[in-house]
Amino acid sequence: MGILEVKGVGKRFGGLQALGDVNLSVQENTVHAIIGPNGAGKSTLLNCFVGKLIPDTGSVMFDGQSLLGRTPYEITQMGVSRVFQTPEIFGDLNVMENMMIPCFAKRDGSFRMHAFESVAEETDLVEKAEQMLIDVNMIDKRHMHASSMSRGDKRRLEMAMCLVQDPKLLLLDEPTAGMARADTNNTIDLLKEIKEKRDITMAIIEHDMHVVFSLADRITVLAQGTPLVEDSPDKIKDHPKVREAYLGETQQ
Amino acid sequence: MLGLDKKDMKFLLIVTFLTLATPILLQPFPEGSGLAQFNAGYPDLMQRFAIFGIFAIGFNILFGLTGYLSFGHAAFLGVGSYSAVWMFKLLSMNVLPGLVLAVIMSGLFALVIGYVSLRRSGIYFSILTLAFAQMSYNLAYSVLTPITNGETGLQVTLNDPRILGQQVSASGNVPGTHFFGIEMGAAQKIAIGSWEFTFSAGYYFCAIIAIIAFYLSLRIFRSPFGLMLRAIKSNQQRLNYTGLNARPYTLAAFVISGMYAGLAGGLLASMDPLAGAERMQWTASGEVVLMTILGGVGTMMGPVLGAGVIKYMENIFSKINDQVLHQWFGWLPDSLESIVIWAAEHFVGSGWHMTSGVLFMIVVIFLPGGLVEGGQRIKSYFKNRRGGDSDDPEHHPKQAPHVAE
Ligand SMILES: Nc1ncnc2c1ncn2[C@@H]1O[C@H](COP(=O)(O)OP(=O)(O)OP(=O)(O)O)[C@@H](O)[C@H]1O
Ligand SMILES: [Mg+2]
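About the thresholds
- Residues numbered from 1 in each chain as written.
- Chains lettered and ligands numbered in written order.
- Predicted model: local features only at pLDDT ≥ 70, side-chain atom pairs only at ≥ 80, totals over all residues.
- Heavy atoms only, no water.
- Helix = DSSP H or I, 4+ residues; strand = E, 2+ residues; numbered from the N terminus.
- Contact = heavy atoms within 4.5 Å.
- Patch = residues over 30% accessible without salt bridge, like charges linked within 9 Å, V, L, I, M, F, W, Y side chains within 5 Å.
- Areas by Shrake-Rupley, 256 points an atom, 1.4 Å probe, with all protein chains shown as cover.
- Salt bridge = Lys/Arg side-chain N within 4 Å of Asp/Glu carboxyl O.
- Buried < 20%, exposed > 50% of the residue type's maximum accessible area, 1.4 Å probe, protein only.
- Near = heavy atom within 4 Å.
- Polar contact = N/O pair within 3.5 Å; in protein donor to acceptor, adjacent residues only side chain to side chain.
- Nonpolar A, V, L, I, M, F, W, Y, C, P; charged D, E, K, R; others polar.
- Donors = N, O, S within 2.8 Å, 3.2 Å for Na, K, Ca; no water.
- Pairing = 2+ DSSP bridges.
- Axes fitted to C-alpha atoms, helices over the stretch in contact; angles between N-to-C directions.
- 1 Å grid on protein atoms, 1.4 Å probe; cavity = no way out; pocket = protein on both sides within 12 Å on 5 of 7 lines; lining within 4 Å.
- Points joined across faces, edges and corners; volume = space filled by probe spheres on them.

## Re the environment of A:Leu133
Residues and elements named next belong to chain A.
And then number 1: Along the polypeptide, Leu 133 turns up in helix H4 (residues 123–135).
And then number 2: The spacing of Leu 133 and Arg 156 is 23 residues in sequence and 9.3 Å in space, taken between C-alpha atoms.
And then number 3: Beyond its immediate stretch of four places on either side in the chain, Leu 133 contacts Val 95, Met 96, Met 99, Met 138, Ile 139 and Arg 142.

## With respect to a nonpolar patch on the surface
Residue and element names in this part refer to chain B.
And then number 1: Together, Leu 96, Val 100, Ile 104, Leu 108, Leu 111, Val 112 and Phe 180 make up an exposed nonpolar region whose accessible area comes to about 640 Å².
And then number 2: By the secondary structure assignment, Leu 96 is in helix H5 (residues 95–117).
And then number 3: A residue is classified by how much of its surface remains accessible, and Leu 96, at 36% relative accessible area, is partly exposed.

## Focus on the site of ligand 1
Residues and elements named next belong to chain A.
And then number 1: Taken together, 13 residues sit near ligand 1, with Asn 38, Lys 42, Ser 43, Thr 44 and Gln 85 positioned nearest.
And then number 2: Within the side chain of Lys 42, one N or O atom sits 2.8 Å away from an oxygen atom of ligand 1.
And then number 3: Note that an oxygen atom of ligand 1 is positioned 2.8 Å from one of the side-chain N or O atoms of Ser 43.
And then number 4: Here ligand 1 has 630 Å² of accessible area as a free molecule, and 61% of this is covered by the chains.
And then number 5: At the level of elements, strand S2 (16–26) and helix H1 (42–49) are the ones that each hand at least two residues to the shell around ligand 1.
And then number 6: Among the elements that line the shell around ligand 1, the one with the most residues is H1, at three residues.
And then number 7: Residue composition of the shell around ligand 1, by class: four nonpolar, seven polar and two charged.

## Concerning the coordination of the magnesium ion (ligand 2)
Residues and elements named next belong to chain A.
And then number 1: For the magnesium ion (ligand 2), the full set of protein donor atoms is Ser 43 (OG) and Gln 85 (OE1), and the range of their distances to it is 1.9 to 2.3 Å. With Ser 43 in helix H1 and Gln 85 in the loop between strand S6 (80–83) and helix H3 (95–108), this residue pair connects regions lying 42 residues apart in the sequence.
And then number 2: For Gln 85, a relative accessible area of 33% corresponds to the partly exposed category.

## A few points about the sheet that holds strand S8 (residues 201–205) of chain A
Residue and element names in this part refer to chain A.
And then number 1: Read from one edge of the open sheet, six strands run S6-S7-S8-S3-S9-S10, paired in mixed fashion. Where the open sheet ends on each side, the last strands, each with one partner, are S6 and strand S10 (226–231). Ignoring which end each strand starts from, the neighbouring axes of this sheet average 15° apart.
And then number 2: Contacts from H1 reach strand S3 (31–35), S6, strand S7 (169–173), S8 and strand S9 (218–223) within the one sheet, and its direction differs from that of S7 by about 150°.

## Some details on the layout of surface pockets
Residue and element names in this part refer to chain B.
And then number 1: What the second largest pocket holds in volume is close to 590 Å³.
And then number 2: Surrounding the second largest pocket, 21 residues form its lining, Thr 22, Phe 49, Val 304, Leu 305 and Gly 308 being those nearest its centre.
And then number 3: Looking at the lining of the second largest pocket, the elements with two or more residues in it are helix H1 (6–20), helix H2 (22–25), helix H3 (43–66), helix H8 (201–222) and helix H13 (302–316).

## Quick look at the sheet that holds strand S4 (residues 57–62) of chain A
Residues and elements named next belong to chain A.
And then number 1: Across the sheet, four strands lie side by side as S2-S1-S4-S5; this open sheet has antiparallel pairing. Looking at strand neighbours, the two that pair on one side only are S2 and strand S5 (65–66), the edges of this open sheet.
And then number 2: As defined by bridge partners, S4 adjoins S5 across two bridges and the pair is classed as antiparallel. Bridge pairing links Met 61 to Ser 66 in S5.
And then number 3: Across the face of the sheet, H1 comes into contact with strand S1 (4–13), S2 and S4 while running at roughly 65° to S2.

All we've got here are geometric facts, nothing functional implied.
Next comes the structure, spelled out in structure tokens:
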């Protein structure tokens with residue numbers, strides 16, 4: 001049994017069958033990559049995991065519990081974090097404030113009425129947030145207004161906001177899109193380090209094959225809403241169907 | 001100290017000082033001078049500054065922090081007034097039970113209205129709150145007449161039971177409101193030269209409550225709860241995927257701001273013990289929106305400033321009449337005088353709404369951050385002139401604006 005078990009998931013948008021019959025098993029403490037051409041249904045699949053979409057058919061089990069019918073905040077509290085394809089951060093707040101919010105959510109649950117405490121006096125959480133910013137190399141930006149940062153920085157911040165919650169399962173939707181080469185390499189190193197140091201499972205959607213092959217233990221190729229193959233990175237590299245359907249397009 | 005850092009403490013002390021010194025500061029022109037009509041240091045008006053300041057501070061906790069724009073907050077103001085007057089009728093003219101009931105009742109009302117309205121956001125939320133407030137307004141005139149006394153308004157009379165207090169005062173009238181014996185209507189006039197200052201017990205009572213209300217709101221702004229409210233305004237999607245449930249946070253903010261409104265309503269009744277349904281009308285709800293935007297949404301000082309400016313204009317500009325205008329422009333040639341007066345007439349007296357409308361437009365267009373932004377711009381202008389280019393914003397990463405100013 002994997003930590004995430006997806007069985008027979010299907011989703012239709014009007015006339016479009018975005019997901020056909022997806023079966024997927026993500027093993028604990030591995031990095032599972034999902035690749036596939038644009039419009040293959042990768043983001044839709046992630047949306048079905050986190051309560052943003054409810055699939056028409058099938059089941060999604062995390063850690064032995066069904067995720068279907070739960071709200072996004074409940075799923076996050078269960079230990080599933082998500083990095084979005086377009087960075088979702090608190091643009092009106094500064095970097096440190098962005099980091100403090102997930103720290104509070106992790107410690108206090110989905111709601112707590114702490115109206116007369118002071119954010120600055122939560123020294124444990126402040127320290128935790130700062131350590132995370134050091135890990136992602138953003139500590140010097142901690143007073144910056146989040147919306148004024150580059151796209152790459154926003155992504156790193158979003159990732160740090162997810163990681164500081166110590167999730168069991170981290171879902172990453174194209175985490176390096178829009179990053180410069182150097183930032184991409186930093187992100188790979190960061191994710192590798194996280195993978196070694198922590199008990200964390202990752203499901204990652206990525207177009208950059210360099211990222212995929214540096215990180216993934218297992219790869220699923222999705223095309224037109226159905227998994228084409230699932231195998232280890234070495235096998236996927238040489239798989240004729242994959243070369244034809246996907247790698248052929250991106251490696252020219 | 002008091003759970004505030006140094007900067008906030010200084011801020012609170014300045015606000016406290018300004019509030020306590022208001023009877024002097026707002027009386028800059030000597031009696032009898034032509035400008036004396038611009039003085040604002042009389043009790044009735046100063047009480048309104050403090051009371052509507054409280055109303056706006058509370059409204060800002062909801063609108064400024066979460067971005068949810070309520071168009072029905074006057075309903076809570078009305079509920080607060082009715083509750084307080086009922087206490088004056090049943091219990092005693094001591095304002096304390098009245099204020100306590102005002103806060104509790106408006107909190108309960110806000111819980112119900114907020115629970116329903118917060119199922120929607122954006123314009124739909126605003127419309128729902130507006131609908132609820134108008135409903136309360138209409139009910140006060142019709143079904144609820146036994147409680148509200150309909151069009152006449154709820155008043156204290158000689159026949160009220162007032163089981164804990166005096167039914168009739170020594171002089172045979174309805175006794176005045178008081179706080180453990182301190183009469184709200186009591187005032188001390190002190191003349192210094194040709195200046196005359198009025199120190200009123202009612203104003204100082206409102207002022208002290210306003211300072212406490214301001215302090216509590218400052219604490220909320222700096223708390224994890226306040227941070228969550230700002231996060232709701234910024235990105236609800238990310239908030240959900242951070243494991244937080246936005247609904248109870250917004251509802252708590254709604255109830256808190258409703259209680260502030262109820263407190264303001266209770267104070268209005270404490271200064272003048274009657275309550276009418278017009279206090280719940282949509283124009284009153286709109287007024288607090290204007291105050292908040294005029295002063296600066298989401299800032300600490302903004303709502304207070306906005307409330308002050310609007311109440312000042314309402315009182316001062318509405319008092320200027322033809323005669324005063326003739327005095328001012330009498331030195332002009334006759335033909336020109338009549339033209340100028342004709343134009344000016346539209347902006348004073350009952351036309352003061354025109355003046356406030358124009359001011360509002362100017363502020364929204366040129367200072368989207370409200371009067372507070374105007375103040376900040378002036379401050380940084382002088383700073384730059386003095387400090388050379390050391391504070392040049394171009395050469396520094398953009399800092400998040402400090403919500404305190
Ligand atoms: N909410 C929606 N309503 C209607 N159609 C949708 C919706 N979300 C996605 N789709 C459609 O479903 C298909 C799959 O979209 P999805 O975003 O999952 O693709 P993807 O594999 O993530 O592609 P990309 O690599 O471009 O991100 C696309 O054709 C898309 O237009
Ligand atoms: Mg996608």
